[in-house]
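Chain by chain, the residues run as shown.
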Amino acid sequence: MDILLGLQWGDEGKGKIVDFLAEKYHMVARFQGGPNAGHTLNIGGKKHVLRQIPSGIFRSETTNLIGNGMVLDLVTLKKELVELENMGITVRQNLFISKKAQLILPAHRLLDAAQEHAKGDHKIGSTLRGISPAYQDKTGRSGLRMGDLHQKDFEQKYLERKEDHLEKLKQLDFEVPNWGDLEEDFWDAVEYMMNFQVVDSEYFINDFIQQGKNILAEGAQGTLLDVDFGSYPFVTSSNTSAAGACTGLGVSPRKIEETIGVFKAYCTRVGSGPFPTELFDETGKKMAEIGREFGSVTGRPRRCGWLDLPALQYANMINGTTQLYMMKSDVLNTFSEIKICTHYELPDGTQTDKMPFEIADMPIKPVYKTFKGWEKDISEIKTFEAMPKSFQQYVAFIEQELNLPIPLISVGAERDETVWRKV
Ligand code: GDP
Ligand code: IMO
Ligand code: MG
């Protein structure tokens, strides 16, 4: 099994590249997260945003698995599925859902909003999709799972959870809006999901491995949002790093072959939390405009900044990355000067290339190396050799500093705007 995951704060372009690679794989499997993810695929000029469905779904030969590590919002899932079915995509045959995937219940979204509100100025900037409350129920050992849908006592179990959630909302002084509508949508979605294929996913995926089939585990969010290793508390509630693929699918670490780390040629972040290379000037605005940096889920503007090598180095260590894919290279086409952060300067004046524990609590100044921009449109170029010299130098520097090859470079949002390179 190979893993493909984001090395930054999410939105690195995972969806585009998983869809591009999926024809090489028998299965694409999501292992964590839920509808906080928004993975964009551009196929033949048409844009699709997947939230919970793996990005292999547009390849008719590829099996897609929603793993046990995910938290699933059935209302959102139904919407996604209906849309795909209307387009003639074979979701009923090609999508499998783990019995152990946790459910996001109607009150989880409200709890997300209430808990964020209670944090005041310290809010995480959550996508408000109920992710954290659903994972809280999972680790609190009271969550409901996909397999429970088919049990006789599901409604009873649901009612018990609902009572607990409404009590918590009361404690948080949260006024519950349109509860009737929320519940109605939930039960409609439960009924719709009854005919989908729900499986013992750990057996299902290990059978694939046993048969020698290729599997790609598709990460959501990014390593710097990992609940253990991200810029805590400004993180999501799951392990977005490579280890999460093992627990989120039931696959042994011994079965992992390649770990592909995907990064943007610069950096973005949506929501609150530290971002050492963030730009607050015209350059940052220009990046956001050219890169169309608006969240695929919430539409919020993404914060933009230069590439951060200490952060990438850290992500590679945690994940055991074996190869790097650089995305959105074309966004830097018109910049005359491009910077890369090689170190951080701490408040006491010392320099480090490590991620400090106190990253969320102290100002960190990035130390940059400056490169001459290539100032040329590279989105039509099909080989690395034909790329401008200064672009080649930018790539070579990153490879050298991170001590990893970059065999793939993405130069546009479409499938074919992708350059393979011998390394
Ligand atoms: P994900 O969450 O990692 O799948 O990334 P998102 O889909 O949220 O955000 C990435 C955005 O960049 C999407 O709008 C993609 O269509 C777009 N994109 C992906 N790769 C490239 C690229 O190489 N160049 C440009 N210009 N856009 C890209
Ligand atoms: P993809 O898979 C970018 C961010 C939120 C917030 C924090 C916690 O598309 O890369 P949550 O709703 O998970 O409790 O929010 O994490 N976040 C993402 N940022 N891309 C994502 O997913 C994200 N999923 C969550 O903005 O700061
Ligand atoms: Mg996204």
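Owing to the predicted nature of the structure, the values given are computational and were not obtained by experimental measurement.

Draft legend 1. View of helix α1 (residues 14–21). With eight of eight residues buried, α1 is to be regarded as a mostly interior element. Buried within α1 are the following residues: K14, G15, K16, I17, V18, D19, F20 and L21.

Draft legend 2. Spotlight on the site of ligand 1. Taken together, the neighbourhood of ligand 1 is formed by 20 residues, with K14, T40, S296, D330 and S410 sitting nearest. Take S296: an N or O atom from its side chain is 2.7 Å from an oxygen atom of ligand 1. Within the contact set of ligand 1, an oxygen atom lies 3.2 Å away from a side-chain nitrogen or oxygen of R302. The fraction of the free accessible surface of ligand 1 (580 Å²) that becomes covered by protein chains is 91%. Given that more than half its atoms are within 2 Å of the pocket grid, ligand 1 belongs to the second largest pocket. Counted by class, the shell around ligand 1 contains four nonpolar, nine polar and seven charged residues.

Draft legend 3. Examining the coordination of the magnesium ion (ligand 3) more closely. Only D11 (OD) and G38 (O) from the protein coordinate the magnesium ion (ligand 3), and they sit 2.0 to 2.2 Å from it. Of this pair, D11 sits in the loop between β1 (2–6) and α1 while G38 sits in the loop between β2 (27–30) and β3 (39–43); the two residues are 27 residues apart in sequence, bridging distant segments of the chain. Its relative accessible area of 10% is what places G38 among the buried residues.

Draft legend 4. Looking closely at the pattern of salt bridges. Inspection of the entire model under this criterion finds 20 salt bridges. Put simply, R161 and D137 hold a salt bridge, and the shortest N to O gap is 3.1 Å. Taken as a pair, R161 in helix α6 (residues 154–171) and D137 in helix α5 (residues 131–139) lie far apart in primary sequence, 24 residues in all. Accessibility assignment for this pair places R161 and D137 in one class, buried.

Rules and cut-offs
Throughout this document, residue positions are counted from 1 along each chain, in the order its sequence is written. Ligands are numbered from 1 and chains lettered from A, in the order in which they are written. Local features in this predicted model are restricted to residues whose pLDDT is 70 or higher, and side-chain atom pairs enter the listing and the counts only when it is 80 or higher, whereas totals over whole chains, interfaces and linings include all residues. Note: side-chain values were computed over all heavy atoms of the structure, leaving out hydrogens and water. With a 1.4 Å probe rolled over the protein chains alone, any residue whose accessible area is under 20% of its type maximum counts as buried; one over 50% counts as exposed, and the rest are partly exposed. Numbered from the N terminus, helices here are DSSP runs of H or I no shorter than four residues, and strands are runs of E no shorter than two. By convention in this text, a residue qualifies as near a molecule or strand provided that one of its non-hydrogen atoms is within 4 Å of it. Identification of polar contacts relies on pairs of N or O atoms within 3.5 Å, with a donor-acceptor requirement for protein atoms, meaning one able to donate a hydrogen and the other able to accept it, and with residues adjacent in sequence counted only if both atoms are side-chain atoms. Note on areas: these come from Shrake-Rupley sampling with a 1.4 Å probe, and a residue is covered only by the protein chains present in the view. Think of a 1 Å grid over just the protein atoms. A cavity is a set of points where a 1.4 Å probe fits yet cannot get out, a pocket is an open set with protein on both sides within 12 Å along at least five of seven lines, and lining residues have an atom within 4 Å of a point. In this scheme, a molecule is assigned to a cavity or pocket if more than half of its atoms are within 2 Å of the grid points. Classification convention: Asp, Glu, Lys, Arg as charged; Ala, Val, Leu, Ile, Met, Phe, Trp, Tyr, Cys, Pro as nonpolar; all other residues, Gly among them, as polar. Atoms are scored as donors when they are N, O or S and lie within 2.8 Å of the metal, with 3.2 Å used for Na, K and Ca; no water is included, so coordination may look incomplete. A side-chain nitrogen of Lys or Arg and a carboxyl oxygen of Asp or Glu constitute a salt bridge if their distance falls within 4 Å.

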